[in-house]
Structures are given as structure tokens and as C-alpha cells.
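This is what each chain is made of:
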Amino acid sequence: MDSLLTIEIALPARTLWTALRRADAWFEDRVDAFDDGFALGATAAELAADSQLCERLASLIGTTPGLAGLLRDGMGADPMAARGGLRLVFLHDDTARPAPGDPDADTLLARSLLAG
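So, how was this worked out
Residues numbered from 1 in each chain as written. Predicted model: local features only at pLDDT ≥ 70, side-chain atom pairs only at ≥ 80, totals over all residues. Heavy atoms only, no water. Pairing = 2+ DSSP bridges. Helix = DSSP H or I, 4+ residues; strand = E, 2+ residues; numbered from the N terminus. Axes fitted to C-alpha atoms, helices over the stretch in contact; angles between N-to-C directions. Contact = heavy atoms within 4.5 Å. Salt bridge = Lys/Arg side-chain N within 4 Å of Asp/Glu carboxyl O. Buried < 20%, exposed > 50% of the residue type's maximum accessible area, 1.4 Å probe, protein only. Polar contact = N/O pair within 3.5 Å; in protein donor to acceptor, adjacent residues only side chain to side chain. Core = buried A, V, L, I, M, F, W, Y, C linked by side-chain atoms within 4.5 Å. Arc of directions from axis to C-beta.

1. Observations concerning the sheet that holds strand β1 (residues 4-11)
Taken in spatial order, the four strands of this open sheet run β1-β4-β3-β2, and their pairing is mixed. The two strands at the open ends of the sheet, each matched to only one other strand, are β1 and β2 (32-34). This sheet shows a mean twist of 15° between the axes of neighbouring strands, independent of strand direction. Across eight bridges, the pairing between β1 and strand β4 (residues 85-92) is parallel. The residue of β4 that forms the bridge with Ile7 is Leu88. Seen against the sheet, helix α3 (residues 51-62) touches β3 (37-43) and β4 and runs at an angle of roughly 35° to β4.

As C-alpha cells, then:
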């Protein structure tokens, strides 16, 4: 049975703002803003059918510190095709300390996970 994978990440204000600006530019019709953050998502079928959507989502994930690792851990051994889709929830928390990352490597990881 398909299940929607929801990944939540808490980010300090500056990092959250950067992610929101990027998401707003690339996914304007998919961004759901709320008081302390925002969310966006895509179905597995949309990701499989739209390479630009997949690439932009991989870039957003890769440039948000710690998010690629959370996606990898959340997916486990299940490919994205076995999921109903992906919902990313970005929350504001100034005490959060995102894991350091390598945007290029994290984008490659996200791309491979989304394509699977």
C-alpha cells in the first residue's frame, strides 16, 4: 500500500528563510505557508513524470542542511516509487542546529532517492 512520506526539519530563521525563498520561486503553487514554517509536497507519480520538479526538489533538499540525511533515513530501503509521495515540512526553531552538509553531495543523494 502506498504511503505518503512526511519529513519534518527544524531550522533557524536564516536557514528557513533561504529554504522558503527557494521553495517559493520553484514551487509557488505547492507551498503551504503557516505561522512557524511551510510545507510542500509531490506525489510519486508527479516526481516520476516531471524531471524538472524532481530536479528542483532534489536541489532544495540538497541545499537545506541535514534534509538529505533525514530523507535517506525516512525512506529506508523503500524506493520513492513505492511511496504515495513526499511531503516536506520546514519548521522554525532558532535552537535547531542542522547537521552540516555538502550541498553537491546532498543534491546527488536526494536526486537518487527521488528517482528510485
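From this point, things continue past the structure.
2. A few points about the pattern of salt bridges
Throughout the structure, instances matching the rule amount to five salt bridges. Of the charged contacts, one joins Glu46 and Arg30 as a salt bridge, the two residues approaching to 3.1 Å between their closest N and O atoms. In this pair, Glu46 is assigned in helix α2 (residues 44-49) and Arg30 in the loop between α1 (13-26) and β2, connecting sequence segments 16 residues apart. In this structure Arg30 comes out as partly exposed when scored by relative accessible area, which is 25%. Asp73 serves as the salt-bridge partner of Arg72, at 3.4 Å between the closest nitrogen and oxygen. Relative accessible area serves as the criterion here: at 43%, Arg72 is assigned to the partly exposed category. Judged by relative accessible area, Asp73 falls into the exposed class, the value being 56%.

3. Quick look at the environment of Arg72
Assignment of secondary structure puts Arg72 in helix α4 (residues 67-75). With 41 residues separating them along the chain, Arg72 and Leu113 place their C-alpha atoms 7.2 Å apart. Leave out the neighbours within four places in its chain, and Arg72 touches Leu109 and Leu113. A distance of 3.4 Å separates polar atoms of two side chains, one belonging to Arg72 and the other to Asp73.

4. So, the nonpolar core
Soluble globular proteins: nonpolar side chains tend toward being buried together. Counting 30 residues, the largest nonpolar core has Leu57, Ile61, Leu71, Leu86, Phe90 and Leu114 as the members making the most contacts within it. For this core, the elements supplying multiple residues, two or more each, are β1, α1, β3, α3, α4, β4 and α5 (103-115). At six residues, the largest contribution of residues to this core is made by α3. Those residues in contact with Leu71 that lie beyond four places of it in its chain are Leu5, Ile7, Ile61, Leu86, Leu113 and Leu114.

5. Regarding α4
All of the buried residues in α4 are Leu67, Ala68, Leu71 and Met75. The arc enclosing the buried residues of α4, seen along the axis, measures out at 100°, which places them on a common side. Those residues of α4 that are buried are in contact with β1, α3, β4 and α5. Just downstream of α4 lies Gly76, where phi reads positive at about 60°.

In short, shape yes, function no, at least from these values alone.
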